[in-house]
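Below are the chains, spelled out letter by letter.
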Amino acid sequence: MTDPVTDPSETPKRRPQQRKQVLLRLDPLVYEALARWAGEELRSANAQIEFLLRRALAEAGRLPKDTGPLPRRGRPPVSEP
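Predicted, not measured: the structure shown is a model, and the values here were computed from it.

Draft legend 1. Looking closely at the side chain of Arg54. Looking at the element boundaries, Arg54 is found in helix H2 (residues 45-59). When its relative accessible area of 17% is taken as the criterion, Arg54 is described as buried. If sequence neighbours within four positions are ignored, Arg54 has contacts with Leu63, Thr67, Gly68, Pro69 and Leu70.

Draft legend 2. Fine view of unusual backbone geometry. At Leu42, a position not held by glycine, the phi torsion is positive, near 55°. Tracing the backbone shows Leu42 in the loop between helix H1 (28-40) and H2.

Draft legend 3. Structural detail: the pattern of salt bridges. What the rule picks out here adds up to 3 salt bridges. Taking the shortest distance from any N to any O, the salt bridge between Glu50 and Arg19 comes out at 2.3 Å. Placement of the pair is Glu50 in helix H2 and Arg19 in the segment before H1, with a sequence separation of 31 residues. In this structure Glu50 comes out as buried when scored by relative accessible area, which is 16%. With a relative accessible area of 47%, Arg19 lands in the partly exposed category. Measuring nitrogen to oxygen at the nearest pair gives 3.1 Å for the salt bridge that ties Arg54 to Glu50.

Definitions and cut-offs
Residues numbered from 1 in each chain as written. Predicted model: local features only at pLDDT ≥ 70, side-chain atom pairs only at ≥ 80, totals over all residues. Heavy atoms only, no water. Helix = DSSP H or I, 4+ residues; strand = E, 2+ residues; numbered from the N terminus. Buried < 20%, exposed > 50% of the residue type's maximum accessible area, 1.4 Å probe, protein only. Contact = heavy atoms within 4.5 Å. Salt bridge = Lys/Arg side-chain N within 4 Å of Asp/Glu carboxyl O.

Here it is, written out as structure tokens:
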């Protein structure tokens, strides 16, 4: 019998994780600028913050390789019959 702690073939699969909720305090003028920018790019302020954080992490070489794509927002695309 193999030890699941030391045998990599026996390690449990990574479970899908829930989106993390974080309380963020921002200067009101910074938030207003962020919200305007997000609106121009058709994103919510929350999605804009995540987009900018991911971009900064990627530029710094710190974005984990197994990070999934940004979740699609809004309505699903209309499918042709």
